[in-house]
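Structural overview for review
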Amino acid sequence: MPSSERKRTVGESLDQPRRGDRVPLLSVEAVAALPSRAREVVEYRKSGLSLNHVQGCPLDCAYCIRHTYGLWDSRQPRALMSDAEAVEQLVNHRYFQADITPVQIFNRATDPFLPKVKEHLFACLEDLDGRGLTNHVLVITRFRVTESDYERLQGLVNLKVTLLFTYSGIDDEKIEPFPSTVAADSMILASGYRPRRFRTVFYWRPLVPGLNDTPEHLARAAELSKHADAAVFTGLFYRNEIADYYKANGLPEPYQGTARRKIVPETLEQRVLEAFAKTEHAATLFRKTSCAVSYAHGLPDYNGHFGIRELCDICPVRQLQLCADAHRVPTASQLQEATAGLPEAAGLQVLDVTERAARVEGLADEQPRYFLQHKFAFQIHDAGHPHLLHRHRRAEIGWEQTS
Ligand code: SF4
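Owing to the predicted nature of the structure, the values given are computational and were not obtained by experimental measurement.

Attention now moves to the overall build of the protein chain. On a plain count of helices and strands, the protein chain comes out with 13 helices and 13 strands. Here the contacts in the protein chain between residues at least 6 apart in sequence split such that 73% fall between residues at least 24 apart. For the protein chain, the computed accessible surface area is about 16800 Å², with 50% contributed by carbon and sulfur atoms.

The final tally for this structure, using the stated rule, is eleven aromatic pairs. Ring centres 6.1 Å apart and planes at 80 degrees place the aromatic pair Phe-113 and Phe-122 in the edge-to-face group. The buried category is assigned to Phe-122, whose relative accessible area is 1%. Both rings, one in Tyr-167 and one in Phe-202, keep their centres 5.4 Å apart while their planes meet at 35 degrees; by these two values the pair is tilted. Residue Tyr-167 is located in strand 7 (residues 160–167), and its partner Phe-202 is located in strand 8 (residues 199–204); the two are separated by 35 residues in the primary sequence. With respect to burial, Tyr-167 and Phe-202 carry one shared label: buried. An aromatic cluster is defined as three or more aromatic residues linked by ring pairs; in this entry it consists of Tyr-44, Tyr-95, Tyr-370 and Phe-371.

Enumeration according to the criterion identifies 21 salt bridges in this entry. For the salt bridge of Glu-43 with Arg-37, the shortest nitrogen-to-oxygen distance reads 2.6 Å. With a relative accessible area of 6%, Glu-43 lands in the buried category. According to the relative accessible area criterion, Arg-37 is partly exposed, its value standing at 35%.

One can describe the packing of helix 3 (residues 83–91) onto helix 4 (residues 117–130) by two numbers: an axis separation of 10 Å at closest approach and a directional angle of 50 degrees. In terms of their interaxial angle, helix 3 and helix 4 are classed as oblique. Like other packed secondary-structure pairs, helix 3 and helix 4 cross with a definite hand, here right-handed. Residues Asp-83, Ala-84, Val-87, Leu-90 and Val-91 of helix 3 pack against His-120, Ala-123, Cys-124, Asp-127 and Leu-128 of helix 4. When the residues that make up the contact of helix 3 with helix 4 are grouped by side-chain class, the tally is seven nonpolar, one polar and two charged.

Let us now look at the site of the ligand. In the vicinity of the ligand, the contacting residues are Cys-291, Asp-301, His-305, Phe-306, Leu-311, Cys-312, Cys-315, Gln-319, Leu-320 and Cys-323. Top contributing element to the shell around the ligand by residue count: helix 11 (residues 317–326), with three residues. In the shell around the ligand, the residues fall into seven nonpolar, two polar and one charged.

The strand order 11-12-13 describes an open sheet built from three strands, whose pairing is mixed. The open sheet is flanked by strand 11 (349–353) and strand 13 (380–382), the only strands paired with a single partner. Taking each pair of neighbouring strands and ignoring which way they run, the sheet shows an average axis angle of 30 degrees. Note that strand 12 (residues 358–361) and strand 13 share three bridges and pair parallel. Residue Val-360 lies in a different strand from strand 13, and its bridge partner there is Asp-382.

What follows is about unusual backbone geometry. Residue Arg-194 is joined to Pro-195 through a cis peptide bond whose omega torsion reads -10 degrees. As for its position among the elements, Pro-195 is in the loop between helix 6 (180–192) and strand 8. Look at the link from Arg-205 to Pro-206: it is a cis peptide, with omega at -10 degrees. With respect to the element layout, Pro-206 can be found in the loop between strand 8 and helix 7 (215–225). The backbone phi angle of Asp-60 is positive, close to 65 degrees, even though this residue is not glycine. Inspection of the secondary structure puts Asp-60 in the loop between strand 3 (54–55) and strand 4 (78–79).

Its location among the elements puts Leu-114 in the loop between strand 5 (103–105) and helix 4. The class for Leu-114 is buried, based on a relative accessible area of 1%. Along the sequence, Leu-114 and Cys-57 sit 57 residues apart, while their C-alpha atoms lie 8.3 Å from each other.

Quick look at the nonpolar core now. Buried together is how nonpolar side chains tend to be arranged in soluble globular proteins. By size, the foremost hydrophobic cluster in this structure holds 88 residues, and its most contacted members are Ile-105, Leu-125, Leu-163, Phe-202 and Trp-204. A total of six residues in this core trace back to one element, the largest contributor, which is helix 4. If you count residues domain by domain, this core takes at least three from each of domain 1 (3–299) and domain 2 (302–403). Look past the residues within four positions of Phe-202 in its chain and what remains in contact with it is Phe-165, Tyr-167, Met-187, Ala-221, Leu-224, Ser-225, Ala-228, Ala-230, Ala-231 and Val-232. By size, the runner-up hydrophobic cluster in this structure holds 14 residues, among which are Leu-138, Ile-140, Ala-230 and Val-232.

Quick notes on the rules
Residues numbered from 1 in each chain as written. Predicted model: local features only at pLDDT ≥ 70, side-chain atom pairs only at ≥ 80, totals over all residues. Heavy atoms only, no water. Helix = DSSP H or I, 4+ residues; strand = E, 2+ residues; numbered from the N terminus. Contact = heavy atoms within 4.5 Å. Areas by Shrake-Rupley, 256 points an atom, 1.4 Å probe, with all protein chains shown as cover. Phe/Tyr/Trp six-rings, centres within 6.5 Å; stacked < 30°, edge-to-face > 60°. Buried < 20%, exposed > 50% of the residue type's maximum accessible area, 1.4 Å probe, protein only. Salt bridge = Lys/Arg side-chain N within 4 Å of Asp/Glu carboxyl O. Axes fitted to C-alpha atoms, helices over the stretch in contact; angles between N-to-C directions. Parallel < 35°, antiparallel > 145°, perpendicular 65-115°, else oblique. Left-handed = near helix turned anticlockwise from the far one by under 90°. Nonpolar A, V, L, I, M, F, W, Y, C, P; charged D, E, K, R; others polar. Near = heavy atom within 4 Å. Pairing = 2+ DSSP bridges. Core = buried A, V, L, I, M, F, W, Y, C linked by side-chain atoms within 4.5 Å. Domains from an automatic or database assignment.

Here's what the structure looks like:
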C-alpha cells in the first residue's frame, strides 16, 4: 500500500481498548499461509532471543523491518498462538538459557505497547517473571506508556526489564507518520516514576544523514536524553526490500547502496558525540544497545563489547571497570563444547581467539553466534563478515575516508 494511503488510516486502530482486550488469534490455516520467516515465533537477533507471536503494526514507519519478513501489509496486530504457548516455546528453545539469554518481546513485527498488544506483552512478562527468571528483557516502543502500565511493570520482581523508547526526530510524515514526540513523552513519563524497578533507554534511531541530523535535531535529542537512564544511537537498516519501498513511493533515498549492518557515517557519529558532550546532564551515551541496557542496570555488557576497546572510549570509568572485571576470554574448546547438539553449529570452526573476539566459521546462520556471545559475554565474529577497526558492526557506507 502506498505511504500516502497508509497515512490516512494510521490512527484508525489506535483507539484505547478496554483493559484485558487482546488481538485476534489467527487460525492454524492462516498461520500456515504466512511467509516462512514470519512463522518463526522465536528467533535469535543480535540483542537477544526475540519473541514475536503477535505480528502486525499500523504505525507505518517506512523503514520498518517488516518489509524484510514479507509482513509489510500486515497492519492489524494478530496473534499466531496464545501467550502461554509462546512463552513455553521461548523457555524451551534450544538457545534459551535461564537467567542469561537477553530476551526481546515484540521487537520485529509490532509495537509492544499498542492497544491490545500490550495485554500480550504483560502476559508474557508476568509469566516469565513468575518462573523466577532474572534474564534481561528489552521492550522497544514508540507508543504511549501509561500510569497503569507503570503499575504492571512495577509488579515484576525478577526480570531485568528495560523500556527502550524509539525516537528519531524525523519530521517527514511520509517516512514516519506516527510522531516521535509520543515516544519522547512516554519516556519522560516512564522515567519520572518513583520507585521504579525497570530501566529506561533513549533509543535514538534511525539517524539518517539529511533527514534528522541538523544541529537542532542533535541538540534536541541530547536534551531529551536527560530523562532516561542511558542513551544509545544507531543508524538505518537499509536493506533491499526497504530500498525498493522507498523507490516505489518516491521517498528520498538516504543512501546510494544497501547494507547488511546499520549505517552510521563517521562524521555523523562525531557530531552526535559532540552534541552530547556539550549538553549538561545528557544521558550517558553508548554505541551499542546492550551497553546502554547493561549500564542502566549497573551490570557489565552482556554482549562482551569490552574486547572491542575502541567502542568503550565514551564509557564512564566505573562502567569500564565493571566490564573489565567481567571480561573472560573463552577457549576454543569451550566454544566447541557449548555448541554440541546445536544443529546450526555442527560445522563450527574456531579460527582464533584473542582478547578482542573469537573468529569462527561454518555456522549455518547467525543464531548460534549470538548464543555463544551471550553464554560467554564475549564477542564472536563470523570470519565471513570481518570487523574492521573503528567500524565494528557499522556498514561501510560513510566510512570510506578512514581506510
Ligand atoms: S565498557 Fe565498553 S563494553 Fe562495557 S558498557 Fe562500556 S562501552 Fe560497553
